[in-house]
Amino acid sequence: MFSLGSWLPAFPGLAWGWALLDALLEGLVGACAVSVLCSLLKVYLYIQCLNNPERQAEKEAIAAQRPLLEPLHVLVLTAVLALVGSRVAALVVLEFSLRAISTVLSLGKGAHSSQLYLLCQYSLGCGVSCALSFLLEGAPHRSWNLALAAGLAALLALHARRLARHVCALYELHSRARYCGVCILLLAAGHGIPRLLRNALALTFAVADLAAVELINRDFLSAAEAVRFWTPLTICYTLLVVYMQEESRQSTGRGLVFRTVLVRMGGLFILLLTVGRWTDILHVLLSLLGELWCLLRAGALLESCWRQ
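Each chain carries its own residue numbering, running from 1 in the written order of its sequence. Side-chain atom pairs in this predicted model are given and counted only at pLDDT of 80 or more, local residue features only at pLDDT of at least 70, and totals for whole chains, interfaces and linings cover all residues. Side-chain descriptors were evaluated using all non-hydrogen atoms of the structure, hydrogens and water having been removed beforehand.

Under the annotation held in an unreviewed UniProt entry, the chain carries the name TMM82 protein and is attributed to Menura novaehollandiae.

Put into structure tokens, the structure is as follows:
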């Protein structure tokens, strides 16, 4: 109503076009957030491998330059996040938040897991999209606000990617020579990257969870309808978390990660067959593609986390 399209004459399909533009901008911000997360993790894991002579093969795999894959990854993830509806995106955010809390509690106080940061890629994108959709709902000039957010997010993602390339190419030399300010800063404070990511992700998912609950509840006309939806959802998510915790104790590696994705999306698919809409089913399939795309792209980083 108050977006960029409100300044133009009314034409058939114009409102739909501006809604699609808003969805693409929200998806772009979410994809850029994922790109920043992966770039910072790449910097941290590369430094960790560099300090361990036994992990030189991992270091070379992380440093492998693929200049065309990063823009392709952002474009594909932007399209997926734009097409996935807010209802399914909200469910993905809530499921990951519950799983993350369970994982952090099982790791113990003060512990962290770099693998958990990689597993949250798609959920982070959904969380950012949900938060923007909720916070800017009804805002004056919504499209302009989203365009500004997308520009800032793209700039931040570009600088994070340049930092990762700089570290992979020159950190080993600069950390010894002590004449590069960026590398000296990473040499002194690089170990704090996981803590920085943990705090940023905690804040992001806290806002995203509130937005997700509100986005889901606005579809219900009465408290009885909400109870009929939330009760099986809570039971399903609880069983999924228990199952995945048992699986993680018995096995590790790439097979476990992909099996977990299939189980999670399969459970959500079955749940929405009973209490969802037909569009939700399509969005779950798109979410499965988004999850697999993020995990395949972060293959070298996941391998490093497992060996660490």
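There's plenty left to go through after this.
Draft legend 1. Representation of the side chain of T78 within the structure. Looking at the element boundaries, T78 is found in helix α3 (residues 69–83). Categorising residues by exposure relies on relative accessible area from a 1.4 Å probe, with only protein chains included: less than 20% of the type maximum marks a residue as buried, more than 50% marks it as exposed, and the intermediate range marks it as partly exposed. What makes T78 buried here is its relative accessible area of 9%. Any two residues whose heavy atoms approach within 4.5 Å at even a single point are treated as in contact. If we skip the residues at most four places from it in the chain, T78 touches L24, G27, L28 and A31. A run of DSSP states H or I qualifies as a helix once it reaches four residues; a run of E qualifies as a strand once it reaches two. Both are numbered from the N-terminal end.

Draft legend 2. A look at the nonpolar core. Here, nonpolar core refers to any group of buried Ala, Val, Leu, Ile, Met, Phe, Trp, Tyr and Cys residues whose side-chain atoms link them within 4.5 Å. Formed by 90 residues in total, the largest nonpolar core has its most connected members in L37, L91, Y122, L124, L268 and L272. When residues in this core are grouped by element, the largest group, 17 residues, is from helix α1 (residues 14–50).

Draft legend 3. Structural view of helix α12 (residues 278–297). For a helix, the expected span equals 1.5 Å multiplied by the number of residues minus one. In a regular helix each residue adds 1.5 Å, so 20 residues correspond to 28 Å; α12 covers 30 Å between its end C-alpha atoms and thus fits that length. Regarding α12, the residues found buried are D280, I281, H283, V284, L286, S287, G290, E291, C294 and L295.

Draft legend 4. Molecular detail of the side chain of D280. Mapping D280 onto the fold places it in helix α12. Definition of a polar contact: a pair of N or O atoms within 3.5 Å, with one able to donate and the other able to accept a hydrogen when the atoms are protein atoms, and with sequence-neighbouring residues admitted only if both atoms are side-chain atoms. A polar side-chain atom of D280 sits 2.9 Å from a polar atom in the side chain of R87. The contacts of D280, once residues within four sequence positions are left out, are R87, V88 and L272.

Draft legend 5. The arrangement of the packing of aromatic side chains in detail. Side-chain rings of Phe, Tyr and Trp, where Trp is taken by its six-membered ring, are said to pair if the distance between their centres is within 6.5 Å; with planes under 30 degrees apart they count as stacked, over 60 as edge-to-face, and otherwise as tilted. Counted according to the given criterion, the structure contains 1 aromatic pair. Between the aromatic rings of F96 and F205, the centroid separation amounts to 5.1 Å while the plane-to-plane angle is 35 degrees, which identifies the pairing as tilted. Here F205 lies in helix α9 (residues 193–217) and F96 lies in helix α4 (residues 86–107), a separation of 109 residues in the sequence. The class for F96 is buried, based on a relative accessible area of 4%.

Draft legend 6. Representation of a nonpolar patch on the surface in the model. Surface patches are defined over residues having more than 30% relative accessible area and no salt bridge, joining like charges when they lie within 9 Å and nonpolar side chains (Val, Leu, Ile, Met, Phe, Trp, Tyr) when within 5 Å. Here the open area of atoms and residues is found with the Shrake-Rupley method and a 1.4 Å probe, where only the protein chains shown may cover a residue. For this analysis, a salt bridge means a side-chain nitrogen from Lys or Arg found within 4 Å of a carboxyl oxygen belonging to Asp or Glu. A cluster of nonpolar residues, F134, L135, L203 and V207, forms a patch on the protein surface that exposes about 360 Å² of accessible area. When residues of the nonpolar patch are traced back to their parent elements, those giving at least two are α6 (121–135) and α9. Relative to the helices and strands, L203 is located in helix α9. Note on L203: relative accessible area 58%, which makes it exposed.

Draft legend 7. Quick peek at the pattern of salt bridges. This structure, assessed with the given rule, holds 7 salt bridges. Its salt-bridge partner being R142, residue E26 comes within 2.4 Å of it at the nearest N-O pair. Highlighted residues: E26 in helix α1 and R142 in helix α7 (residues 142–177), separated in sequence by 116 residues. Using a relative accessible area of 14% as the deciding quantity, one classes R142 as buried. In this structure, R99 engages E95 in a salt bridge whose closest nitrogen and oxygen atoms are separated by 3.1 Å. Placement of the pair is R99 and E95 together in helix α4, with a separation of 4 residues, close to one helical turn. Residues joined by salt bridges that share partners form a network here, namely E95, R99, R264 and E291.

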